[in-house]
Amino acid sequence: MPEKIIRVDPIGNITFRKNKRSKNVSISMRPNKGILVTFPWFLTYQFALNVVEKKRSWILNNLPKIKQIENKATIFNENISFKSRSKHFLIQQSESVKKITTSVTSNQVVITYPQNINIETPENQITIKKAIAEALRIEAKNYLPGRTLELAQKNGFSFNKISIKNTKTLWGSCSVKNNINLNLHLIRLPDYLIDYVIIHELCHTIEKNHGQQFWKLMDTILGDAKKISKQLKEYSIELY
């Protein structure tokens with residue numbers, strides 16, 4: 001898709017991108033990805049720029065919030081300590097590679113990058129996070145379906161099918177057809193919290209809402225389920 005990067009002071013660089021599917025001018029601001037303006041194919045860059053000028057105050061008011069999120073984010077480099085349920089993640093530099101590569105062993109994920117790049121740029125950080133997410137996906141697919149079946153059989157539940165997804169907001173979900181979706185980032189949690197989320201979704205195969213009967217069912221399996229729920233809130237789905 002055609003795009004231009006235009007500097008708008010005092011905001012900074014903004015990416016303007018034409019999109020055949022766009023019906024109007026849309027402005028998005030995301031941490032480490034900057035400001036993106038998408039607009040219909042038939043409109044001019046100047047038209048989109050004029051819209052940005054009209055939204056200048058809104059953009060400037062929200063920029064500090066984006067920067068605050070960026071400043072909290074972990075910088076994945078050689079000094080970071082990061083692990084999943086069964087693997088340690090190692091980031092290292094090497095003369096022998098020309099791009100960021102990933103290798104996986106039984107207990108380790110090694111992400112290697114060339115010596116001539118700055119691993120801490122937003123673009124390279126995104127590449128590393130994608131590599132981590134893919135390694136987590138493989139591990140999650142190897143563990144979560146089997147553990148779900150085990151807990152279902154142990155506690156008398158049945159479900160239709162299970163999917164592993166990389167969602168931004170939910171650790172898990174259960175459809176009206178009793179299809180269970182589990183977030184691949186569950187594999188970063190302690191085992192008892194993984195089990196909590198799985199049991200939570202299994203309970204939804206019987207109780208579709210979070211009413212009194214749902215929590216009563218949860219408590220029969222876990223004890224004080226709401227206490228564990230509060231502990232889950234201490235963890236973030238996003239990679240930090």
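Undergrad: Would you explain the side chain of Glu201 in this entry?
TA: Of note, Glu201 is situated in helix α4 (residues 191-203). Every residue in contact with Glu201, bar those within four places of it in the chain, is listed here: Gly172, Ser173, Cys174, Ile180 and Leu182.

Undergrad: Even after reading the chapter, I still don't get the sheet that holds strand β9 (residues 162-165), so can you show me in this structure?
TA: In sheet architecture, strand pairing relies on hydrogen bonds along the backbone and comes in two forms, parallel and antiparallel. One open sheet holds the three strands; their spatial order is β9-β11-β10, and the pairing between them is mixed. One side of each edge strand has no neighbouring strand; the edge strands of this open sheet are β9 and β10 (172-174). Each strand of the sheet is rotated relative to its neighbour by a mean of 15°, with strand direction disregarded. With four bridges joining them, β9 and strand β11 (residues 180-183) adopt parallel strand pairing. Looking at β11, one finds that Lys165 is bridged to Asn183. The strands that α4 touches are β10 and β11; relative to β11, the one it contacts most, it runs at about 160°.

Undergrad: Please explain the sheet that holds strand β1 (residues 3-8) as it appears in this structure.
TA: Spatially, four strands are ordered β1-β2-β4-β3 in an open sheet, and the strand pairing comes out mixed. Pairing within the sheet leaves two strands with one partner each, and these edge strands are β1 and β3 (26-30). Pairs of neighbouring strands in the sheet enclose a mean axial angle of 25°, with direction left out of account. Of the pairings in the sheet, the one linking β1 to strand β2 (residues 12-19) comprises six bridges and is antiparallel in character. Across the sheet, the residue bridging to Glu3 is Arg17, located in β2.

Undergrad: Just to check I follow, could you spell out the pairing of β11 for this structure?
TA: Regular strands have side chains that alternate between both faces of the sheet. Note: β10 against β11, three bridges, orientation antiparallel. Opposite Cys174, over in β11, you have Ile180 as the bridge partner. From the end of β10 to the start of β11, which pair antiparallel, there are five residues, and Asn178 there has a positive phi angle of about 65°.

Undergrad: Help me out: how do you make sense of the packing of aromatic side chains in this one?
TA: The relative placement of two aromatic rings is captured by the distance of their centres and the angle of their planes. This structure, assessed with the given rule, holds four aromatic pairs. Look at Phe39 and Tyr45: their rings are 5.4 Å apart centre to centre, the planes differ by 80°, and that puts the pair in the edge-to-face class. Assessed through its relative accessible area of 0%, Phe39 is described here as buried. For Tyr45, a relative accessible area of 16% puts it in the buried group. Here the aromatic residues Phe76, Phe82 and Phe89 are joined through ring pairs into a cluster of three or more. Over the ring of Tyr45 we find Lys4, and its NZ or CZ is 4.5 Å from the ring centre.

Undergrad: Where do I start with a positive patch on the surface in this structure?
TA: A surface patch of positive charge is lined by Arg30, Lys33, Lys130 and Lys168. The topology assignment puts Lys168 in the loop between β9 and β10.

Undergrad: Teacher, can you tell me more about the environment of Glu134 here?
TA: Inspection of the secondary structure assignment puts Glu134 in helix α3 (residues 122-155). Distance in space between the C-alpha atoms of Glu134 and Leu239 is 12 Å, their sequence separation being 105 residues.

Undergrad: Even after reading the chapter, I still don't get the pattern of salt bridges, so can you show me in this structure?
TA: All told, the structure shown has seven salt bridges when counted by the stated rule. Two residues, Arg17 and Glu3, come together in a salt bridge whose shortest N-O distance is 2.8 Å. Within this pair, whereas Arg17 is found in strand β2, its partner Glu3 is found in strand β1, the two being separated by 14 residues in sequence. On the accessibility criterion, Glu3 (40% relative accessible area) is partly exposed. Connected through shared salt-bridge partners, Arg147, Glu150 and Asp195 make up one network.

What counts, and where the lines are drawn
Residues numbered from 1 in each chain as written. Predicted model: local features only at pLDDT ≥ 70, side-chain atom pairs only at ≥ 80, totals over all residues. Heavy atoms only, no water. Helix = DSSP H or I, 4+ residues; strand = E, 2+ residues; numbered from the N terminus. Contact = heavy atoms within 4.5 Å. Pairing = 2+ DSSP bridges. Axes fitted to C-alpha atoms, helices over the stretch in contact; angles between N-to-C directions. Phe/Tyr/Trp six-rings, centres within 6.5 Å; stacked < 30°, edge-to-face > 60°. Buried < 20%, exposed > 50% of the residue type's maximum accessible area, 1.4 Å probe, protein only. Lys NZ or Arg CZ within 6 Å of the ring centre and 35° of its normal. Patch = residues over 30% accessible without salt bridge, like charges linked within 9 Å, V, L, I, M, F, W, Y side chains within 5 Å. Areas by Shrake-Rupley, 256 points an atom, 1.4 Å probe, with all protein chains shown as cover. Salt bridge = Lys/Arg side-chain N within 4 Å of Asp/Glu carboxyl O. Lys, Arg positive; Asp, Glu negative; His and termini not counted. Charge placed at Lys NZ, Arg CZ, Asp CG, Glu CD.

It is worth stressing that arrangement in space is one thing and function is another; only the former is reported here.
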